[in-house]
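Okay, here's what each chain looks like letter by letter:
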Amino acid sequence: MPQATRVPDLLRVRAATAPDHVALVVDGGPSLTYGDWERRSDATARGLAVEGVRRGDRVALFFDNAHWSDYAVSYLAAHKVGAAAVPLSPRFSAAELGQVLDHAEVALLVSPEELAPPVGVDRLAHVGALEAGQPQEPFPAASGADELAEIIYTSGTTGSPKGVTVSHGSLVAHDLPAEAAGALAFLHAFPLGTNAGQECLRMPLRRPATAIVLPSFDPERLCAVVAERGVRRLQLVPTMAQLVLESGAVERYDLSTVERVTLSSAPAPAALWERLAAAFPNASLWNAYALTEGGSARTVTRYDPSRPGSVGRPVGESEVRVVDDTGTELPSGATGEIWLRRPGAPTREYFRDPAATAAAFADGWLRTGDLGCLDEEGYLYLVDRQKDLVISGGLNISSVEVEDALSGHPAVAEAAVFGVAHEVLGQAVAAAVVARVPVDARELQAFVRERLGEHKVPRGVHFVEALPRNDSGKVLKRELREEFAARPPSGASSPPRGEAEEAVAAVWRDVLGLAEVGVHDDFFELGGHSIAAAQVGARLQDAFDVDLPVTAVFEWPTVAELAAAVAGAHAH
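Figured I'd write up the structure that's included with this text. (Residues numbered from 1 in each chain as written. Predicted model: local features only at pLDDT ≥ 70, side-chain atom pairs only at ≥ 80, totals over all residues. Heavy atoms only, no water.)

**Overview of the nonpolar core**
Phase 1: Grouped together as the largest cluster of nonpolar side chains are 101 residues, with contacts concentrated most on W37, L222 and F280.
Phase 2: Looking at which element gives the most residues to this core, the answer is helix α3 (residues 68–80), with eight residues.
Phase 3: Beyond its immediate stretch of four places on either side in the chain, L222 contacts L187, L214, F217, L234, L236 and V244.
Phase 4: L512, V536, V546 and A563 belong to the second largest nonpolar core, which has 26 residues in total. (Core = buried A, V, L, I, M, F, W, Y, C linked by side-chain atoms within 4.5 Å. Buried < 20%, exposed > 50% of the residue type's maximum accessible area, 1.4 Å probe, protein only. Helix = DSSP H or I, 4+ residues; strand = E, 2+ residues; numbered from the N terminus. Contact = heavy atoms within 4.5 Å.)

Given below as structure tokens:
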């Protein structure tokens with residue numbers, strides 16, 4: 001493939017060599033060939049120009065996975081008109097979305113007509129209207145290799161989302177695999193706007209491939225799609241992998257076409273790798289370590305039982321080192337901060353935040369803030385998180401951000417947020433709260449829910465008289481983790497009463513894999529999580545033919561409360 005300097009160059013070559021090849025497919029929705037992708041993005045770029053979008057502007061793209069093909073068109077159209085794409089999705093709360101739109105100073109927000117952003121915006125355009133009636137002739141891409149291609153907003157440690165700037169040169173500076181005979185079919189359910197989701201968007205541009213996107217993650221449907229479409233590669237986070245295994249779907253479908261399963265975004269326990277190896281006997285298993293800020297610098301390893309905890313060695317031109325507090329490189333086996341870089345690749349930075357950029361980047365190196373060590377053969381191991389990020393289900397959650405939200409409640413004097421081990425999510429968000437006056441944990445959760453995304457709401461709220469601190473006054477979150485991680489979930493309470501409670505309890509037992517569930521047990525204390533909550537809501541809607549909000553299980557987390565909500569919805 002000829003040398004490309006911009007993302008539109010990648011699409012132009014694919015459209016010229018294989019215009020009828022299907023590049024993207026939304027499960028249950030539309031598909032997009034390379035030729036259609038090129039023509040539709042040309043037309044949409046003209047629509048953006050008519051709307052006044054100019055070179056150097058920022059265009060917010062508010063889409064969900066169900067509209068992935070329209071998102072792909074809009075993403076390339078923004079690049080062709082010379083604008084930077086700011087991918088956003090409904091995982092952002094209204095408050096977060098408003099903050100990002102203000103910080104990015106977007107010229108226009110583009111969305112599907114069916115998906116309205118939860119906040120008012122000054123300028124809004126629907127992708128269909130932008131494209132309609134515009135010529136599909138080639139639109140000369142206005143951007144240059146050094147110009148901004150996208151801004152990915154990711155949770156930081158200072159409490160507010162940080163925008164990572166990415167140039168076209170950074171996106172095309174990639175260690176490309178050799179192009180296999182025949183097109184590669186791969187499947188994922190990553191949210192757009194995440195680093196993993198963006199990489200999956202561009203994979204069909206880098207090599208002949210068909211990217212199959214699930215509108216939402218569902219273990220049963222994932223395995224069904226693998227069997228139906230002969231999927232060769234799966235891209236997952238450890239949480240998804242574990243849910244696929246626990247669902248039993250791997251035993252109900254033919255998964256023999258899968259040649260490779262790659263996990264990313266969070267550490268994976270050794271037991272998970274062993275179960276994956278049994279479920280996908282024809283597949284090689286891979287683990288990847290990369291950060292949004294690190295660009296194409298990353299480590300990858302094929303799973304090796306002798307190194308179950310390793311995230312691999314540097315790929316291609318990537319480099320990794322482990323350093324002490326002074327930046328001095330440490331010997332093999334010593335634990336320190338992990339630094340990453342890819343010499344020659346354009347570095348990234350934080351948009352409109354020079355102080356954060358200076359703290360994170362030095363001489364081409366990214367100071368990851370993660371603690372790890374290298375063995376004598378150069379394999380990297382993650383030891384701990386130096387920053388107080390909670391990684392839950394592969395998503396980074398700033399403890400400071402959640403603490404700030406909790407502290408806004410008038411009853412809260414102090415709050416410390418930390419991660420506790422969770423069997424499926426890796427970590428769950430927990431909070432220790434010093435209250436000024438008596439307050440219910442549910443009230444505090446609802447208060448946070450109004451301000452932050454659901455995955456950031458503390459599943460456990462623990463009231464304490466004082467927070468443990470060291471001599472300098474710093475909160476000792478390690479002590480909080482140790483104290484509250486050992487607390488068992490509430491025991492089974494009284495059994496279900498009536499048809500509605502029994503139906504809800506039966507769904508809980510099935511989804512959570514429990515033998516007994518009491519009517520006053522808390523879903524999340526029993527090991528529930530956001531993906532399982534979505535499964536419960538969907539099953540109850542089908543069973544009772546009612547409309548429930550997506551937050552139903554979060555708002556009514558006991559069998560009794562949820563059954564009452566279902567009965568109320570059914571009555572209306």
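**As for the pairing of strand β10 (residues 209–213)**
Phase 1: A large share of β10 lies buried, amounting to five of its five residues.
Phase 2: Burial along β10 is two-sided: A209, A211 and V213 and T210 and I212, pointing in opposite directions, are all buried.
Phase 3: Bridge analysis of strand β1 (residues 22–26) against β10 gives three bridges, and the strand direction is parallel. Of the residues in β10, the one forming a bridge with V26 is V213.
Phase 4: Note that strand β9 (residues 184–188) and β10 share five bridges and pair parallel. Residue pairing for β10: L187 is matched across the bridge by I212.
Phase 5: On the question of chirality, the crossover connecting β9 to the parallel β10 by way of helix α7 (residues 195–206) is right-handed. (Pairing = 2+ DSSP bridges. Right-handed = clockwise from strand over helix to strand, strands pointing away.)

**Looking at the environment of E561**
Phase 1: Its place among the elements puts E561 in helix α18 (residues 559–571).
Phase 2: For E561, a relative accessible area of 29% gives the class partly exposed.
Phase 3: Sequence separation of E561 and R6 is 555 residues, and the distance between their C-alpha atoms is 53 Å.
Phase 4: Leaving out residues up to four positions away in the same chain, E561 has contacts with R442 and W556.
Phase 5: A distance of 3.0 Å separates polar atoms of two side chains, one belonging to E561 and the other to R442. (Polar contact = N/O pair within 3.5 Å; in protein donor to acceptor, adjacent residues only side chain to side chain.)

**Overview of the packing of helix α15 (residues 498–512) against helix α16 (residues 530–544)**
Phase 1: Running from N to C, α15 and α16 point in directions that differ by 140°, and their axes come no closer than 10 Å. Compared by their axis directions, α15 and α16 come out oblique. Along this stretch, α15 crosses α16, giving a crossing that reads as right-handed. Across the interface between the two elements, A500, A503, V504, V507, W508, D510 and V511 from α15 touch A532, Q535, V536, R539, L540 and F544 from α16. (Axes fitted to C-alpha atoms, helices over the stretch in contact; angles between N-to-C directions. Parallel < 35°, antiparallel > 145°, perpendicular 65-115°, else oblique. Left-handed = near helix turned anticlockwise from the far one by under 90°.)

**Description of the packing of helix α9 (residues 238–247) against helix α10 (residues 270–279)**
The relative placement of two packed helices is expressed as an angle between their axes plus a distance between the axes.
Phase 1: Relative to each other, α9 and α10 sit at 55°, their axes nearing to 10 Å. Classified by the angle between their axes, α9 and α10 sit oblique to one another. You can see that α9 and α10 cross each other, and the crossing is left-handed. Facing P238, A241, Q242, L245 and E246 of α9, the residues of α10 in contact are L272, R275, L276 and A279.

**Regarding the pattern of salt bridges**
Phase 1: Counting across every chain of the model gives 35 salt bridges.
Phase 2: R6 is the partner of D9 in a salt bridge, and the nearest nitrogen-oxygen pair spans 3.0 Å. Grouping residues by exposure puts D9 and R6 together as buried.
Phase 3: A salt bridge links E220 to R252; its shortest N-O distance comes to 2.6 Å. Highlighted residues: E220 in helix α8 (residues 219–229) and R252 in the loop between α9 and β12 (260–263), separated in sequence by 32 residues.
Phase 4: A relative accessible area of 28% places E220 in the partly exposed class.
Phase 5: One connected set of salt bridges, linked through shared partners, spans E150, E199, R202 and R206. (Salt bridge = Lys/Arg side-chain N within 4 Å of Asp/Glu carboxyl O.)

**Points about the side chain of E96**
Phase 1: Mapping E96 onto the fold places it in helix α4 (residues 94–104).
Phase 2: Only 2.5 Å separates the side chain of E96 from the side chain of K456, close enough to count as a polar contact.
Phase 3: Setting aside chain neighbours within four positions, we find E96 in contact with R91, E401, R451, L452, G453 and K456.

**Quick word on the packing of aromatic side chains**
Phase 1: What the rule picks out here adds up to eight aromatic pairs.
Phase 2: With a centroid separation of 6.2 Å and an interplanar angle of 25°, the aromatic rings of F418 and F484 are classed as stacked. Here F418, found in strand β24 (residues 412–422), pairs with F484, found in helix α14 (residues 477–485); they are 66 residues apart in sequence, far enough to count as distant.
Phase 3: Since its relative accessible area comes to 1%, F418 is described here as buried.
Phase 4: Aromatic side chains W508 and F523 sit 5.1 Å apart centroid to centroid with 70° between the ring planes, which places their arrangement in the edge-to-face category. You can see W508 sitting in helix α15 and its partner F523 sitting in the loop between α15 and α16, a full 15 residues away along the chain. Comparing W508 with F523 shows no difference in burial state: the two are buried.
Phase 5: Taken together, F63, W68, Y71 and Y75 form an aromatic cluster joined through their ring pairs.
Phase 6: Here the guanidinium or amino end of K162 rests over the ring plane of Y350, the centre of that ring lying 5.3 Å away.
Phase 7: Of note, R451 hangs over the ring of F447, and the distance from its end group to the ring centre comes to 3.5 Å. (Phe/Tyr/Trp six-rings, centres within 6.5 Å; stacked < 30°, edge-to-face > 60°. Lys NZ or Arg CZ within 6 Å of the ring centre and 35° of its normal.)

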